[in-house]
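The residues making up each chain are set out below.
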Amino acid sequence: MNQFLEPGMLVTHPECPEWGLGQVQSVINGRITVNFEHAGKVVMDGSRVVLTPEFDPREAGD
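Presented here is an overview of the structure given in this document. (Residues numbered from 1 in each chain as written. Predicted model: local features only at pLDDT ≥ 70, side-chain atom pairs only at ≥ 80, totals over all residues. Heavy atoms only, no water.)

Some thoughts on the pattern of salt bridges
Part 1 of the argument: Under the criterion given, the structure shown has one salt bridge.
Part 2 of the argument: The salt bridge partner of Asp45 is Arg48, with a shortest N-O separation of 3.9 Å.
Part 3 of the argument: Using a relative accessible area of 32% as the deciding quantity, one classes Asp45 as partly exposed.
Part 4 of the argument: Accessibility expressed as a relative area gives 71% for Arg48, which makes it exposed. (Salt bridge = Lys/Arg side-chain N within 4 Å of Asp/Glu carboxyl O. Buried < 20%, exposed > 50% of the residue type's maximum accessible area, 1.4 Å probe, protein only.)

Structure follows, in structure tokens:
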């Protein structure tokens, strides 16, 4: 699932909901860097966690 992540996408970490909403900064060789609201910048191994994409309701059409 993480292979679909791109910089700018909004995500949450399923095991750390207290981190809040995060924005993907980069995806390089399976390493994902995300800037979370309440945890700051976190670099993680994409083979160990599957981030949950979140969609900005402002981007959805009326």
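Looking at the nonpolar core
Part 1 of the argument: Counting residues in each nonpolar core, the largest one holds 10 residues, listed as Leu5, Val11, Val24, Ile32, Val34, Phe36, Val42, Met44, Val49 and Leu51.
Part 2 of the argument: Going through the elements one at a time, strand 3 (31–36) and strand 4 (40–45) are the ones with two or more residues in this core.
Part 3 of the argument: Looking at this core, the element that brings in the most residues is strand 3, giving three residues. (Core = buried A, V, L, I, M, F, W, Y, C linked by side-chain atoms within 4.5 Å. Helix = DSSP H or I, 4+ residues; strand = E, 2+ residues; numbered from the N terminus.)

Comments concerning the sheet that holds strand 5 (residues 52–54)
Part 1 of the argument: Judged by pairing direction, the sheet is antiparallel, and its five strands sit side by side in the order 4-3-2-1-5 without closing on themselves. The two strands at the open ends of the sheet, each matched to only one other strand, are strand 4 and strand 5. The sheet shows a mean angle of 40 degrees between the axes of neighbouring strands, direction not considered. (Pairing = 2+ DSSP bridges. Axes fitted to C-alpha atoms, helices over the stretch in contact; angles between N-to-C directions.)

Remarks on unusual backbone geometry
Part 1 of the argument: Phi angles above zero are rare outside glycine, and Asn29 is one such case at about 50 degrees.
Part 2 of the argument: Structurally, Asn29 is set in the loop between strand 2 (22–28) and strand 3.

Quick notes on the side chain of His13
Part 1 of the argument: Here His13 shows up in the loop between strand 1 (10–12) and strand 2.
Part 2 of the argument: The class for His13 is buried, based on a relative accessible area of 9%.
Part 3 of the argument: A polar contact is formed between the side chain of His13 and the backbone nitrogen of Glu15, at a distance of 3.1 Å.
Part 4 of the argument: Aside from chain neighbours lying at most four places away, what touches His13 is Trp19, Phe36, Met44, Val49 and Leu51. (Polar contact = N/O pair within 3.5 Å; in protein donor to acceptor, adjacent residues only side chain to side chain. Contact = heavy atoms within 4.5 Å.)

With respect to the environment of Thr33
Part 1 of the argument: As for its placement among the helices and strands, Thr33 is situated in strand 3.
Part 2 of the argument: Separated by 13 residues in the primary sequence, Thr33 and Gly46 place their C-alpha atoms 9.6 Å from one another.
Part 3 of the argument: Non-local contacts of Thr33, meaning those with residues more than four positions away in its chain, are made with Gln23, Val24, Gln25, Ser26, Lys41, Val42 and Val43.

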